[in-house]
Amino acid sequence: MENEKLYFVIRKDNWPNGRVKYNIMKEKPFELSEATRMLLAYEQLNDDKDHTYHLLPLEEFLSNDKNTVVMANGSHTIDTI
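Residues numbered from 1 in each chain as written. Predicted model: local features only at pLDDT ≥ 70, side-chain atom pairs only at ≥ 80, totals over all residues. Heavy atoms only, no water.

A.B. asks: Help me understand the packing of aromatic side chains in this model?
C.D. replies: For any two aromatic rings, the description comes down to two numbers: the centre-to-centre distance and the angle of the planes. Across all of its chains, the model carries one aromatic pair by this definition. Measuring from ring centre to ring centre gives 5.2 Å for Tyr-42 and Tyr-53, while their planes differ by 10°; the resulting arrangement is stacked. Taken together, the residues span a long stretch of sequence, with Tyr-42 in helix α1 (residues 32–45) and Tyr-53 in strand β4 (residues 51–57) at a distance of 11 residues. The exposure class of Tyr-42 is buried, given its relative accessible area of 19%. (Phe/Tyr/Trp six-rings, centres within 6.5 Å; stacked < 30°, edge-to-face > 60°. Helix = DSSP H or I, 4+ residues; strand = E, 2+ residues; numbered from the N terminus. Buried < 20%, exposed > 50% of the residue type's maximum accessible area, 1.4 Å probe, protein only.)

A.B. asks: Got a minute to help me understand the side chain of His-51 in this structure?
C.D. replies: By the element assignment, His-51 lies in strand β4. For His-51, the contacting residues outside a window of four places in its chain are Arg-11, Lys-12, Asp-13 and Asn-46. (Contact = heavy atoms within 4.5 Å.)

A.B. asks: When you look at the nonpolar core in this model, what are you seeing that I'm missing?
C.D. replies: Soluble, globular proteins show a tendency: their nonpolar side chains are buried together. Counting eight residues, the largest nonpolar core is built from Tyr-7, Val-9, Phe-30, Ala-35, Met-38, Leu-39, Tyr-42 and Tyr-53. Mapped by element, the contributors of at least two residues to this core are β1 (6–14) and α1. With four residues, the single largest contributor to this core is α1. For Tyr-42, the contacting residues outside a window of four places in its chain are Val-9, Met-25, Lys-26 and Tyr-53. (Core = buried A, V, L, I, M, F, W, Y, C linked by side-chain atoms within 4.5 Å.)

Keep in mind these numbers describe shape, not what the thing actually does.
Rendered as structure tokens:
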């Protein structure tokens, strides 16, 4: 489906010193069904409880580069120049 929301599979690493690190497992986002399959596979292979896996939805403004511009003044749209 063309309009289906896309998701990244994220690994959350909890370190003993209380710090948390996040990693995107693949470079590209996937549709919900494929992302869920990948999440379940990662969880099955995981034997370390300090690592957990999560789905992160791709925000529309990140996938649509025509309407997103980061200006030098920190604004995100041309309308706020």
